[in-house]
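# An overview of the molecular structure
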Amino acid sequence: MRRIRKQLNSEVEPLNSEVEPLNSEVEPLNSEVEPLNSEVEPLNSEVEPLNPEVAPLNPEVAPLNPEVAPLNPEVAPFNSEVAPFNSEVSFLRLKYESLQMTNDQ
């Protein structure tokens, strides 16, 4: 038993000397990441139910990424202008769908 423990220690100790310097790099990052977790975790519960709907679209969307990526810098400045209208558009979409359902009946 002692021999096994001694052998394991001899294998683990060199690894510790490799890992310890990395800890000093990682620990400061933890303080940056941990506050973000509290912001991201509530979003996971909203996103996860959408995964089954989105997954089938990935093969269609993936080929478009190389075309869309260069446009991102051009589009980004408009996000702040468009954002205030998102809730209004969502409301109007729901109202339209509601009226459409009423007409269908």
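As shown above, the structure is provided for reference.
Please read all numbers here as calculations on a predicted model, not as lab measurements.

## Some remarks on the overall build of the chain
Along the chain, the regular secondary structure elements total 5 helices and 0 strands. Starting at the N terminus and ending at the C terminus, the chain contains elements arranged as α-α-α-α-α. In terms of overall dimensions, the chain is more spread out than a globule: its C-alpha atoms have a radius of gyration of 26 Å, far above the 13 Å expected for 105 residues. Along the first, second and third principal axes, the C-alpha atoms of the chain reach 80 × 35 × 30 Å. Total accessible area computed for the chain in this model is approximately 10000 Å², and 60% of it derives from carbon and sulfur atoms. In the chain, which carries 6 positive and 20 negative side-chain charges, the distance between the mean positions of the two groups comes to 22 Å.

## Details of helix α1 (residues 2-47)
Because each turn of an α-helix spans 3.6 residues, side chains separated by three or four positions in sequence point in the same direction. A rise of 1.5 Å per residue sets the reference length of α1, with its 46 residues, at 68 Å; its end C-alpha atoms lie only 51 Å apart and thus fall more than 12% short of the reference. The principal kink in α1, of about 35°, is found at Asn-37.

## A short note on helix α5 (residues 72-104)
The terminal C-alpha atoms of α5, which comprises 33 residues, lie only 39 Å apart, well short of the 48 Å expected from a rise of 1.5 Å per residue. The principal kink in α5, of about 45°, is found at Val-82, preceding the proline Pro-84 by one to four residues.

The rules we used
- Residues numbered from 1 in each chain as written.
- Predicted model: local features only at pLDDT ≥ 70, side-chain atom pairs only at ≥ 80, totals over all residues.
- Heavy atoms only, no water.
- Helix = DSSP H or I, 4+ residues; strand = E, 2+ residues; numbered from the N terminus.
- Rg over C-alpha atoms; globule rule 2.2 N^0.38 Å.
- Areas by Shrake-Rupley, 256 points an atom, 1.4 Å probe, with all protein chains shown as cover.
- Lys, Arg positive; Asp, Glu negative; His and termini not counted.
- Charge placed at Lys NZ, Arg CZ, Asp CG, Glu CD.
- Expected span 1.5 Å × (residues − 1).
- Bend = angle between axes of the 7 residues up to and from the residue.

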